[in-house]
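As a plain string of letters, each chain reads:
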Amino acid sequence: MTVYAPASEAEAADVIRQAQAAHSPLALAGSGTKAGIGRPGNAGHCLTSLGLQGITLYEPSEMVIAARAGTRLVDVARVLAARGQRLTFEPPEPALLMGTDGEQTIGGIVAANWSGPRRIMAGACRDSLIGVRFVNGRGEIVKSGGRVMKNVTGLDFVKLLAGSWGTLGFLTEVTFKVLPVPEAEITLALAGLDDRRGVAALCDAMGSPYGVSGAAHLPDGWHDGGQPQPALTLLRLEGSAFSVRHRVAALGERLAPFGGHSLLEDDDSRLVWSRVRDAAPVAEPRERAVWRISAAPARGPDIVAAVKAQREAIHFYDWSGGLVWLSTPAGEDAGEKAVRAAVAQHGGHATLMRAPVEVRAAVSVFQPQPEPLARLSRELKRAFDPEGVLEPGRMTAGV
């Protein structure tokens, strides 16, 4: 496979134009940390953003940062941290779950709409993304959005490119709104609740006025460092030290019917949320398949129960129960029939995040779309990439 690493946007456009003229499919990549997500591609060549690095704009007073797509996330985070700021959406680190090396790129995070536990308060990656530059499948350079949040009329390319997995264009630069790092962080931890009580506690807390920025339930027997742990229901609050302590005390009183609680502060809180963020409770054993299921929060336990009625599974909940991480044995269909049936019954959508290549080639990795939506997706693909040279087959067979 030939790997192209253009050093400029113009070079990237030239590579794509040549691929279009030759009807030669291209796989798009950053550092490859998420390469195992999606159907196995059939591209003979790879176009990587690793030659496009560097922060192109940073205005701390305006809380805006822009970087070329191949810039490492750690480099962006370091520049922001020096001014007491951070990305809002807490992007997960994929190495543990995916078993990949390398540092993920800021463009790869956008292409996957890669969002962590803070999504329930701050929104997803796409919600703080305010500008993109990209090259479409025609080899045309496109700019959308800018440096400020504003109302959008017409087709919002910024939101459209986030989560498109490279099927619509090759990202070259992205711009984000950022936020200050809070002074304090405390997590209220309830012990010993079963799934339904745990999710009920999360939903109760999210309906409170106390500004919860993380809400997860780890069921009895969840693993940390290879050792089974008792059930924990976690609620994170962030802000000024005085405000956080006041809100934690009030939230503890509100949740008293769910039992006693303990507090994890600062580094201890950050450690447990890094485990939730990176899906550590389902990352091992490595040979298992992993599903990521989004649903209405109260439906999470129903989906888990329905899957477990047909397949053995390990699970935990994030986003107040609205995100279910679930691992199954990787053999046969990796539990696809059970997962799809549970989602059809209780609502939501499921993505196969990790499985052997032969399994990913045989099953629907992404949630099958209703025909009207699938037709719209096909039309968008044709508009952006008429020859189908960008990431063919990654989302569904033949698309």
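What you see is a predicted model, and the numbers here were worked out from it, not measured in a lab.

Account for the sheet that holds strand β3 (residues 45-48), naming residues and giving values.
Strand order in this open sheet of 3 strands is β1-β3-β2, and the pairing throughout is parallel. Edge positions in the sheet fall to β1 (2-4) and β2 (26-29), since each has one partner strand and no second. Shown here is a sheet whose adjacent strand axes are inclined to one another by a mean of 25 degrees, direction ignored. With 4 bridges joining them, β2 and β3 adopt parallel strand pairing. Within the sheet, the bridge partner assigned to alanine 29 lies in β3 and is threonine 48. Of the strands in this sheet, β1, β2 and β3 are in contact with helix α1 (residues 9-22), which crosses β2 at around 155 degrees.

How would you explain the packing of aromatic side chains if you had to name every residue and give the values?
Throughout the structure, instances matching the rule amount to 5 aromatic pairs. With centroids separated by 5.5 Å and ring planes inclined at 35 degrees, the aromatic side chains of phenylalanine 89 and phenylalanine 176 adopt a geometry described as tilted. Placement of the pair is phenylalanine 89 in the loop between β6 (85-86) and α3 (95-98) and phenylalanine 176 in strand β9 (residues 169-177), with a sequence separation of 87 residues. The residues phenylalanine 89 and phenylalanine 176 share a single accessibility class, namely buried. Between phenylalanine 134 and phenylalanine 384, the aromatic rings sit 6.2 Å apart at their centres with planes inclined by 25 degrees, giving stacked as the arrangement. Of this pair, phenylalanine 134 sits in strand β7 (residues 129-136) while phenylalanine 384 is found in helix α15 (residues 371-384), placing the two residues 250 residues apart along the sequence.

How would you explain the sheet that holds strand β4 (residues 55-59) if you had to name every residue and give the values?
Taking strand neighbours across the sheet as the criterion, the 5 strands line up as β4-β5-β9-β7-β8 in an open arrangement whose pairing is antiparallel. Bordering the open sheet on either side are β4 and β8 (141-145), each of which pairs with just one other strand. With direction set aside, neighbouring strand axes in the sheet form an average angle of 10 degrees. Taken together, the 7 bridges between β7 and β9 define a ladder with antiparallel strand orientation. Bridging from a neighbouring strand, arginine 133 pairs with glutamate 173 of β9. Set on the sheet, α1 makes contact with β7, β8 and β9; between it and β7 the angle comes to about 45 degrees. Its contacts with the sheet put helix α2 (residues 73-82) on β4 and β5 (64-68), and the angle it makes with β4 is roughly 25 degrees.

How would you summarise unusual backbone geometry if you had to cite specific residues and measurements?
In this model, glutamate 284 is joined to proline 285 through a cis peptide bond whose omega is -5 degrees. By secondary structure assignment, the location of proline 285 is in the loop between α11 (280-283) and β17 (289-294). Backbone geometry at histidine 23 places phi at a positive 50 degrees, although glycine is not the residue there. Within the element layout of this structure, histidine 23 appears in the loop between α1 and β2. Even without being glycine, tryptophan 319 reaches a positive phi, approximately 50 degrees. Accessibility expressed as a relative area gives 10% for tryptophan 319, which makes it buried.

Account for α1, with residues named and values stated.
Along its 14 residues, α1 runs 20 Å from first to last C-alpha, staying within 8% of the 20 Å computed at 1.5 Å per residue. If you check which residues of α1 are buried, you get Glu9, Ala12, Ala13, Val15, Ile16, Ala19 and Gln20. For α1, the arc enclosing every buried residue in end-on projection is 160 degrees, short of the 170-degree limit, so these residues lie on one face. Turned more than 90 degrees off the buried face of α1, the exposed positions are Ala21 and Ala22. Positive backbone phi, approximately 50 degrees, marks histidine 23, located one or two places after α1.

About the criteria used
Residues numbered from 1 in each chain as written. Predicted model: local features only at pLDDT ≥ 70, side-chain atom pairs only at ≥ 80, totals over all residues. Heavy atoms only, no water. Pairing = 2+ DSSP bridges. Helix = DSSP H or I, 4+ residues; strand = E, 2+ residues; numbered from the N terminus. Axes fitted to C-alpha atoms, helices over the stretch in contact; angles between N-to-C directions. Contact = heavy atoms within 4.5 Å. Phe/Tyr/Trp six-rings, centres within 6.5 Å; stacked < 30°, edge-to-face > 60°. Buried < 20%, exposed > 50% of the residue type's maximum accessible area, 1.4 Å probe, protein only. Expected span 1.5 Å × (residues − 1). Arc of directions from axis to C-beta.

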